[in-house]
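The chain contents come next:
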Amino acid sequence: MGMTSLPPLFRDWFASKGWSIHPHQQAMLDRAEEPALLLIAPTGGGKTLSGFLPSLVELSDGNHEGLHTIYVSPLKALAADIKRNLGTPVSEMGLPIRIEDRTGDTSYTQKRRQRADPPHILLTTPESLALLASYEDAPRIFKGVQRIIVDEIHALAESKRGDQLMLALSRIQTIAPDLRRVGLSATVEDPQAIAQNLARHPDPCPILQADPGPAPDISMLVTDEKPPWSGGGAAYSIPAVLDLVKQHRTTLIFHNTRAQAEIYFHNLWLANEDALPIGIHHGSLDRAQREKVEAAMVAGELRAIVCTGSLDLGIDWGDVDLVVQIGAPKNVKRLIQRIGRANHRYNAPSKAVIVPANRFEVVECVAALQAAKENDLDGDPGSPGPRDVLCQHILLMSCSGPFTADALFAEIKTVGAYASLSRAAFDDCLEFCATGGYALRAYDQWQRLKQVGDVWQLRDPRAAQRIRMNMGTIFDYETLKVRFKRGAKMLGEIEEGFAATLTPGDTFLIGGQIVRYEGLNQLTVEVSRNKGREPKVATFNGTKFATSTQLSQRILQMFQQDSWPALPAHTSEWLHMQRDFSKLPEPGRILVETFPQDGRQNMVVYGFAGINAHRTLGLILTQRMEAAGLNPLGFVVTDYALLIWGLNEVTDPAPLFDPQNMYDGLETWLQGNAVMKRTFRVAATIAGLIERNTRQGRKTGRQATFSSDILYDTLAKYDPDHLMLRITREEAMRGLVDFGRVEDMLERTKGQVDHLRLSRVTPLAAPLFLEPGRIPVWGEGRERLMQDRAAELMEEAGLTSL
Amino acid sequence: MNDYAFTFADVSLVARADGSLWWPEKAILCVSDLHLGKSDRIARRGGTLLPPYETQETLWQLQEAIADTSPKTVICLGDSFDDLGAAMSLPADMQKMIAGLQAGRNWIWIEGNHDPGPVELGGSHLLDYHTQGLVFRHIATAAGCGEISGHYHPKAGVPGLRQVRSFLIDQNRVIMPSFGAYTGGLSAASQPLRDLMLPDGLAILTGSRAIPMPLSALVRPQGARR
């Protein structure tokens, strides 16, 4: 079926719209028979239609029975959006095609009907697809399916959701060997890696590159008002940003965290004298509220939207002509994708303004701008497929029916990310799914599979329902709903960990308003209205992105210039002061400053390894300092440096960076670390060790945290080699612990330390003293403080002996 | 050294850094609120199944304290078991370990609110125990004098540093910290403990060493007004 030209029906329809087919749309038609094909196209390039065109053409003769095309998108909303958009050509051309969506929001009866009588085109999410593949009747549902389109595949590529999707796909491909795979992606740094994951291993996957369109117009906001020394609020920029909003039709104002978005939105409204319609949109807001904002935006009623990553994906929000990024973007690729949100008309340049939140971010923003202009995107090296997702897949496949280990292993090896999985590692996961692992062998609830001959099956077929109920790899940290006391209206959600820190009377921001914490009622945080202007508790935890390696290196390179004409005067003067007073950090060396301040001895390490790696380095260094009797008391980290304070001066820092035994210290603290517990909770939930949902109802966050923490402690102590702990260690090393970047830093610098002893705080170090999020070190130093302080108190009370 | 020695009702006592109380003259070692079998109870009551290792952990700590002091008598000051069921269903190896600890010495189980009746293990079961002007009981009484009790799991700390398990001591009573592995605690500045303790009393913080501090210096926890 060579499909080189568009059928007349389609040609006429294009003509009636006054459109001509984009070259990459034609190319997609020409190469429709490829077993796997990846299209890279900028947002607004008719990317989604390119993906569907071959399906519409193939289905236009009305001869296909059953499911033909599966469309997968990372967002439920996107699936609904596509259904609307696809409806137009289908109805206008009168095509005999039935299109339905299937997501978490689809009703039970609708889902049942879909299983009995699948539509031609099914629009779904990775989770719903994996679930569908776990039913006993999966072979009937997927028989004869021809194409799968994975939209926004770049957003799934680096996540466990993507791994889960590809695992489900391996099963569907076994059922329908002729299935062709199509991926649609925004601009990425390494299309080859995405292509490899998309194709059935070891099949090749050709890549189609659409014309990237004109270069974006990006600039940094420079105001008369100087950015502050620390913090991420960027409140100083509000008048200037309001001016920009006035000059454009619709502006998206991106923030890196939800808390920052809330605070900014609040301040924006206080300054919004013209009462411009401005909305807020982020993942913690109640769904009803989010939908209201989305509807207002599509209707063109809003002039600006303050938002976070929840607006990152390619939903068509209409007429955005300006993107403002508040705070350094931390990552050039994300910046480019966000900028792509503006000007959805093909061939019009997108316009964006970056607003540095503090003085150091001025440097970072300028570096990011240069990188964006050179299209120097950053990326992390791909990692092998995560085993917690594999465990979940094994459990889901056992729900669909008995299997042999050999066949399932062979099927899993066709997934790119699992191509290098060893049989031993697979057996390990299978064993865990079957018994829960050595330490938990005594508990029935984890005995899930049994082996009869060489066939594995569920020990109790009723377990299938429980396994399906707990599937999924999206892990929202447990959140609590927030609402007014004696009111029904939900304001949004806050993280459980944040809620635990509140005491009645505390005020915080949500949905752009200041509320007062009244108390916890069941699982709901009750608040009252508060008239104050300043929230007492200004933050709740959002994801903290680390500045990418590439961007950090660019900044270090920039420091080597004699002068900085690209930087505003206030920032270049600051760097000159640092150079005169101390020294600017260099790419191949570690700069360490020590100086006394506030009655403590301070050490600043300019690691440029990102905030997560610095936190890890802080824990390692303070542990070494503790061992050396230097009495560290605490530390604080940013993306570029780490400040440690203690009772004793560090006179010779170089040995602290000895890469030998770096790992030893790590193991010890890792065990008791909150980061590990958090990571464990996610991995253990995905792998099915901990259930989020039980038949009695959803577990409360506190319940879940409590039991997962204790389970973690117990396994760490008595079965440290348990599969879940190995997974936790590996994940933490890559993720929040970011040990890789600590190692990179040591390798890059070969441990060459430039130590400067100074009499007082240096210009570059000063902002660190204003940085929130100080981490205490519980060691001999604090023990000594505690003893001294207790002794003083005894003395004061005249109680030296009772 | 790391322990805190003090005189209470004319008796010399030692608040040990591990949270046990040592009476050298009579070779009595006292521990409170072991809560053995806590995970088992949570499991039986329909909560999450936790592996039973915390019982092991608590017994190891107790073993160490006994090895350190070689007591003639061990007093467990109530809530030794999380409930009676937990005492009944203690795994055989734990029962054996307890029997080993009991060998060659007196062992007194004081009854607590979690384990009100006698249990099947060796040792004597008492509501309270009087000796040499001191009384050991589970819950402090308002009129108590020379009274050593547990129950509240008190915690205290130097302002600005975290709270740790603590002894509370004044001229009338000693309230002991919990010795169990998975037990929480109640701030020494909270109302029930303020009502019991005289303001000139002491908190002895435990951990790597026993550190005394005046109760009057404790800061009321924020949000404790209510």
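All of the points below concern the structure found in this document. Note that the structure is a prediction, hence the values are computed from the model and not measured.

Procedures and definitions
- Residues numbered from 1 in each chain as written.
- Chains lettered and ligands numbered in written order.
- Predicted model: local features only at pLDDT ≥ 70, side-chain atom pairs only at ≥ 80, totals over all residues.
- Heavy atoms only, no water.
- Helix = DSSP H or I, 4+ residues; strand = E, 2+ residues; numbered from the N terminus.
- Expected span 1.5 Å × (residues − 1).
- Buried < 20%, exposed > 50% of the residue type's maximum accessible area, 1.4 Å probe, protein only.
- Pairing = 2+ DSSP bridges.
- Axes fitted to C-alpha atoms, helices over the stretch in contact; angles between N-to-C directions.
- Left-handed = near helix turned anticlockwise from the far one by under 90°.
- Contact = heavy atoms within 4.5 Å.
- Nonpolar A, V, L, I, M, F, W, Y, C, P; charged D, E, K, R; others polar.
- Right-handed = clockwise from strand over helix to strand, strands pointing away.

### Comments concerning helix H12 (residues 258-271) of chain A
Taking 1.5 Å of rise per residue, 14 residues should cover 20 Å, and H12(A) covers 20 Å from first to last C-alpha, within 8% of that figure. Along H12(A), the residues that are buried comprise Ala259(A), Ala261(A), Glu262(A), Tyr264(A), Phe265(A), His266(A) and Leu268(A).

### Notes on the sheet that holds strand E14 (residues 403-404) of chain A
Residues and elements named next belong to chain A. Strand order in the open sheet formed by three strands is E14-E16-E15, with antiparallel pairing between adjacent strands. What marks the edges here is a single partner per strand, and that holds for E14 and strand E15 (449-452). Of the strand pairs in this sheet, E15 and strand E16 (residues 455-458) are connected by four bridges, and their pairing is antiparallel. Its bridge partner lying in E16, Val452 is registered against Val455.

### Notes on the packing of helix H9 (residues 160-175) of chain A against helix H16 (residues 387-400) of chain A
Residues and elements named next belong to chain A. At their nearest, the axes of H9 and H16 sit 10 Å apart, and the two run at 35 degrees to each other. For the pair H9 and H16, the sense of crossing is right-handed. Along the contact surface, H9 presents Lys160, Asp163, Gln164, Leu167, Ala168, Ser170 and Arg171, while H16 presents Asp388, Val389, Leu390, Gln392, His393, Leu396, Met397 and Ser400. Among the residues forming the contact of H9 with H16, the class breakdown is six nonpolar, five polar and four charged.

### Re the side chain of Asp79(B)
With respect to the helices, strands and loops of the structure, Asp79(B) is situated in the loop between strand E5 (73-76) and helix H3 (84-88). Beyond its immediate sequence surroundings of up to four residues, Asp79(B) is in contact with Asp33(B), Leu34(B), His35(B), Gly112(B), Asn113(B), His114(B), Asp115(B), His138(B) and His151(B).

### Quick notes on unusual backbone geometry
In this structure, Pro202(A) follows His201(A) across a cis peptide bond, with omega equal to 0 degrees. Along the chain, Pro202(A) falls in the loop between helix H10 (191-198) and strand E7 (207-209). Even without being a glycine, Ala27(B) presents a positive backbone phi close to 55 degrees. Here Ala27(B) lies in the loop between strand E3 (21-23) and strand E4 (28-31). For Ala27(B), a relative accessible area of 11% gives the class buried. The residue Asp79(B) is not glycine, and still its phi comes out positive at about 50 degrees. Judged by its relative accessible area of 2%, Asp79(B) falls in the buried class.

### Some points on the pairing of strand E3 (residues 99-102) of chain A
Residues and elements named next belong to chain A. Burial along E3 is two-sided: the face carrying Ile99 and Asp101 and the face carrying Glu100 and Arg102 are both buried. Bridge count between E3 and strand E4 (residues 121-124): four bridges; the pairing is parallel. Counterpart to Ile99 in the pairing with E4 is Ile121. Taking the sense of rotation as the criterion, the β-α-β connection linking E3, helix H5 (residues 108-116) and E4 turns out right-handed.

Purely geometric numbers; function is a separate question.
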